[in-house]
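Next come the chains, spelled out residue by residue.
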Amino acid sequence: PLFGISNQLLSAIALCVGTTVLLKMNRAQYAWITVAPLAWLSAVTFTAGLEKIFSSEPRIGFLAHASTLERAMRTGRIAATQLATTRAVVFNERLDAVVCGVFLALVSIVILDSLRVWYGLVRGTRERVSSESPFIASRLEAESI
């Protein structure tokens, strides 16, 4: 689950970069092509990430599963031969919750800062400096025409 969440959050960052490039290239009319998927992806992925961390259902939430296993160890429902493995799983579930939370926080910062930059670009209070190379037709394209 953590891999899927991190993969989708990486996609959100890529969409933020794409939107910024479009706005800096004076192509604001095309920004919806990256903003619409970014809004959907962010809403779905942030919901899933928060659900994975905080859900009270042990089959879903990292912390709920760790608590369930810890309770089972305290009450003696875990065999002595499985205690070390169960402790490792409890640690891993809590670590996954922390890592997921950090990912969500960092991507939130990227999205919020992107919104700040986009606002400045759209209002004209931020300079449209683009380090993107201009389009140059390739030799193959010129030969096919």
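Residues numbered from 1 in each chain as written. Predicted model: local features only at pLDDT ≥ 70, side-chain atom pairs only at ≥ 80, totals over all residues. Heavy atoms only, no water.

So what's going on with the overall build of the protein chain? Which residues, and what values?
Broken down by element type, the protein chain carries five helices and zero strands. Relative to the 2.2 N^0.38 estimate, which gives 15 Å for 145 residues, the radius of gyration of the protein chain is 23 Å and therefore markedly larger than a compact globule would have. Seen through its C-alpha atoms, the protein chain measures out along the principal axes to roughly 75 × 40 × 20 Å. By the burial criterion, 27% of the 145 residues in the protein chain qualify as buried. Of all intrachain contacts in the protein chain linking residues separated by at least 6 positions in sequence, the fraction that spans at least 24 positions is 61%. Summed over all atoms, the accessible surface of the protein chain reaches about 9800 Å², with 65% contributed by carbon and sulfur. (Helix = DSSP H or I, 4+ residues; strand = E, 2+ residues; numbered from the N terminus. Rg over C-alpha atoms; globule rule 2.2 N^0.38 Å. Buried < 20%, exposed > 50% of the residue type's maximum accessible area, 1.4 Å probe, protein only. Contact = heavy atoms within 4.5 Å. Areas by Shrake-Rupley, 256 points an atom, 1.4 Å probe, with all protein chains shown as cover.)

Can you lay out the packing of aromatic side chains for me, pointing to particular residues and giving the numbers?
Overall, the coordinates contain zero aromatic pairs when judged by the stated rule. Its end group placed over the ring of F62, K52 keeps NZ or CZ at 4.7 Å from the ring centre. (Phe/Tyr/Trp six-rings, centres within 6.5 Å; stacked < 30°, edge-to-face > 60°. Lys NZ or Arg CZ within 6 Å of the ring centre and 35° of its normal.)

Could you give an account of unusual backbone geometry, naming the residues involved and the relevant values?
Non-glycine residue N26 carries a positive phi angle of around 60°. Assessed through its relative accessible area of 48%, N26 is described here as partly exposed.

Can you lay out a nonpolar patch on the surface for me, pointing to particular residues and giving the numbers?
A cluster of nonpolar residues, V98, V102, L106 and I109, forms a patch on the protein surface that exposes about 370 Å² of accessible area. Along the chain, the position of V102 falls in helix α4 (residues 83–123). (Patch = residues over 30% accessible without salt bridge, like charges linked within 9 Å, V, L, I, M, F, W, Y side chains within 5 Å. Salt bridge = Lys/Arg side-chain N within 4 Å of Asp/Glu carboxyl O.)

So what about the side chain of T45? Which residues, and what values?
Tracing the chain through its elements places T45 in helix α2 (residues 32–54). Residue T45 is classed as buried on the basis of its relative accessible area, which comes to 6%. In this structure T45 touches I5, Q8, L9 and L104, once residues within four positions along its chain are discounted.

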